Amino acid sequence: MNESDPIKSFFDFISHWNFTGIQSTLFLFLLGTYVLGSIKLYLKSINKTEFIKKTVVGLFGFFILGLALVGPLDVFSGELFSAHMAQHIFVVIIGAPILMASNPMATMIWSLPKYFRYGISITLTKKGFVKRVLVIFTNPKIALPVFVVTLWGWHIPEAYNASLVNDYIHLIMHISLAVTGIFFWWPIIGSAPIRTPLSYPQKLVYLLLVVTPTAALAAIITLSDHVIYTGYIGSPKHFGLSVLEDQRIGGLLMWLPGNFIYLSTMTIIFFKWFSNEEKKF
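Below is a summary of the structure that appears in this document. No experiment lies behind these values; they were computed from the predicted model shown. (Residues numbered from 1 in each chain as written. Predicted model: local features only at pLDDT ≥ 70, side-chain atom pairs only at ≥ 80, totals over all residues. Heavy atoms only, no water.)

Points about the overall build of the protein chain
Okay, step 1: Of regular secondary structure, the protein chain possesses 13 helices and zero strands.
Okay, step 2: For the protein chain, the N- to C-terminal ordering of α and β elements is α-α-α-α-α-α-α-α-α-α-α-α-α.
Okay, step 3: Rg of the C-alpha trace for the protein chain: 20 Å, near the compact-globule value of 19 Å for 281 residues, within the 12% margin.
Okay, step 4: Taking the principal axes of its C-alpha atoms as reference, the protein chain extends roughly 55 × 45 × 35 Å.
Okay, step 5: When contacts within the protein chain are restricted to residue pairs at least 6 apart in sequence, those whose partners lie at least 24 apart make up 74%.
Okay, step 6: Measuring between centres, the 20 positive side-chain charges of the protein chain sit 25 Å from its 13 negative side-chain charges. (Helix = DSSP H or I, 4+ residues; strand = E, 2+ residues; numbered from the N terminus. Rg over C-alpha atoms; globule rule 2.2 N^0.38 Å. Contact = heavy atoms within 4.5 Å. Lys, Arg positive; Asp, Glu negative; His and termini not counted. Charge placed at Lys NZ, Arg CZ, Asp CG, Glu CD.)

What about the environment of Tyr-34?
Okay, step 1: The topology assignment puts Tyr-34 in helix H2 (residues 21-44).
Okay, step 2: For Tyr-34, a relative accessible area of 1% gives the class buried.
Okay, step 3: Taking C-alpha positions, Tyr-34 is 8.6 Å from Met-105, a pair spaced 71 residues apart along the chain.
Okay, step 4: The residues contacting Tyr-34, other than those within four sequence positions of it, are Lys-54, Thr-55, Gly-58, Leu-59, Phe-62, Ser-102, Pro-104, Thr-107 and Met-108. (Buried < 20%, exposed > 50% of the residue type's maximum accessible area, 1.4 Å probe, protein only.)

Considerations on the packing of helix H12 (residues 200-223) against helix H13 (residues 243-279)
Okay, step 1: It is the contact of H12 with H13, at a shortest axis distance of 9 Å, that shows an interaxial angle of 170 degrees. What the angle tells us is that H12 and H13 run roughly antiparallel. (Axes fitted to C-alpha atoms, helices over the stretch in contact; angles between N-to-C directions. Parallel < 35°, antiparallel > 145°, perpendicular 65-115°, else oblique.)

Digging into the packing of aromatic side chains
Okay, step 1: Applying the stated rule across the entire model yields 20 aromatic pairs.
Okay, step 2: Between Phe-13 and Phe-76, the ring centres sit 5.5 Å apart and the planes meet at 25 degrees, which makes this aromatic pair stacked. In this pair, Phe-13 sits in helix H1 (residues 10-14) while Phe-76 sits in the loop between helix H4 (72-75) and helix H5 (81-100), placing the two residues 63 residues apart along the sequence. In this pair, the class of Phe-13 matches that of Phe-76, namely buried. (Phe/Tyr/Trp six-rings, centres within 6.5 Å; stacked < 30°, edge-to-face > 60°.)

Observations concerning a nonpolar patch on the surface
Okay, step 1: A surface patch of nonpolar side chains, about 620 Å² in accessible area, is lined by Val-35, Ile-39, Tyr-42, Leu-43, Ile-52, Val-56 and Leu-59.
Okay, step 2: When residues of the nonpolar patch are traced back to their parent elements, those giving at least two are H2 and helix H3 (48-69).
Okay, step 3: One can find Leu-59 in helix H3. (Patch = residues over 30% accessible without salt bridge, like charges linked within 9 Å, V, L, I, M, F, W, Y side chains within 5 Å. Areas by Shrake-Rupley, 256 points an atom, 1.4 Å probe, with all protein chains shown as cover. Salt bridge = Lys/Arg side-chain N within 4 Å of Asp/Glu carboxyl O.)

Coordinates in, geometry out; function isn't part of it.
And the structure:
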């Protein structure tokens, strides 16, 4: 079956993968560095059980990213708005924080030859260039608005439609969303080498502040009575969906599952805060 033929079943959808192109190559390269670094660190680790647990979390994060970047969500992102929206959710809201929870930076650095590893390590010291850049962009006062502006900016119809017809713009869209998404989650997760400056109450407020603008964008897309992203007009009617129906499903994905993840994270943080306060008494 050609990708342009209408898909009617979930099996038709899930069976399409693409391991060619710049995006796929970049993903496979990053996955390769993580696997190689994990092997090297495993051989040196003392607590191998704990290290394996952390590595499994990281590999699960890469699996989620793989579904989005080389799997069916990417293959059909140019023909289904809902697939494109699910792709962004998998990359920014699910995959990125799961991967960051495994503290992947050190693991990936260990995949490099000794002298490259040493050079990068210098940039991550207190006065190192990379460390200073990370401190700036993971600052909650910067990370949150930059993430929201990037998300809204790419959903301006002209920008979004341009990404559908130009592979390089499409790649820039994904990289910018992924990077700003990582910076957004960093103050919550506190992966090395930047530890979060936020207390539990501040984390709750931080996440609450992102819910409203994302919900507002989702509402505009979902409740629109016309096709906003005209680049999908003329696409095959996958699953028998019209372009407007597909757009509304995509909006609902951002609105409900997307914000559910933020609210679920807030719930987890609240109970951690409560448990931490109990230990003080």
